[in-house]
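# Residue-level structural notes
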Amino acid sequence: MITMNWGAGAALLACTGALVACGSDADKAPKATPTPSGAVASPSTPPGGTPSPAALATDPLLSGKREVTMARVQGPGNALELSGRLEEGGDTGGRVLFVPTPIGNDQYVIKAFGTKDDHPANDDPSCWQVNALDIEPELTVEAAVCDPDNPIQRFSITPMDAGTYAIGSETRLLLYAAGNGLILKELSTAPLDSTFRFVDKGPSDREPLN
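Attention here is on the structure that accompanies the text. Since the model is a prediction, treat every value here as computed from it, not as a measurement.

### Some details on unusual backbone geometry
Residue Pro-137 is reached from Glu-136 by a cis peptide bond, and omega for that bond is 10°. In this structure, Asn-105 is a non-glycine residue whose phi angle is positive, near 55°. Along the chain, the position of Asn-105 falls in the loop between strand S4 (97-104) and strand S5 (107-113). Look at Ala-162: it is not a glycine, yet its phi comes out positive at around 55°. Within the secondary structure, Ala-162 sits in the loop between strand S8 (156-159) and strand S9 (164-169).

### A word on the pattern of salt bridges
By the definition in use, this model includes nine salt bridges. The salt bridge partner of Asp-205 is Lys-116, with a shortest N-O separation of 3.1 Å. In this pair, Asp-205 is assigned in the segment after strand S12 (196-203) and Lys-116 in the loop between S5 and strand S6 (126-130), connecting sequence segments 89 residues apart. Here Glu-186 ties to Arg-172 by a salt bridge, and the two come within 3.5 Å at their closest N and O atoms. Separated by 14 residues along the polypeptide, Glu-186 in strand S11 (residues 181-186) and Arg-172 in strand S10 (residues 172-177) bring together distant segments of the chain. Taking the relative accessible area as the measure of exposure, Glu-186 reaches 26% and is therefore partly exposed. Residue classification places Arg-172 among the buried positions, given a relative accessible area of 4%. Three or more residues joined by partner-sharing salt bridges are found here, namely Glu-136, Glu-170, Arg-172 and Glu-186.

Conventions adopted
Residues numbered from 1 in each chain as written. Predicted model: local features only at pLDDT ≥ 70, side-chain atom pairs only at ≥ 80, totals over all residues. Heavy atoms only, no water. Helix = DSSP H or I, 4+ residues; strand = E, 2+ residues; numbered from the N terminus. Salt bridge = Lys/Arg side-chain N within 4 Å of Asp/Glu carboxyl O. Buried < 20%, exposed > 50% of the residue type's maximum accessible area, 1.4 Å probe, protein only.

Printed below as a string of structure tokens:
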């Protein structure tokens, strides 16, 4: 079973709005340590700095109104794909169009759609969800029926340098691990290879079956 404290994590995200500590809770967040080569900074000093609320509010790709593809910046350029599990260029016929949808407190559910080919099932979204059967320290992301009230479907998306984004859940960052693919891992041990580029694929104007 999953070992994380979802309540504490949700509270942390509500306070921070991203992958950083704030206010009186800063002393509760992981302490900043010198960043070795090939690793990201601690949650208190994310690469690229902290995005302003205005920047988040005006980013059309984070508005819930645009479909995007996602690819790891330091990877081979293959689009992320959600079938049973979130993969990198798995080419399994999964969903490759995503709609990061704000739900308040700087959190998002990430809806996944199939291609627009007039197949009605492709217009019914699935959502990213942390796999509750995983065990720390490496957690995967799976497809699930969308439920914005479920804490393990809430993700942070932090704009970084050069139009890229970091994606996280609680204090974990989405990254690529050799031999295990895309996983969520604690920031203190996350390598730098953890940012994604979003490509706008048009308006999110699907009409779900239900």
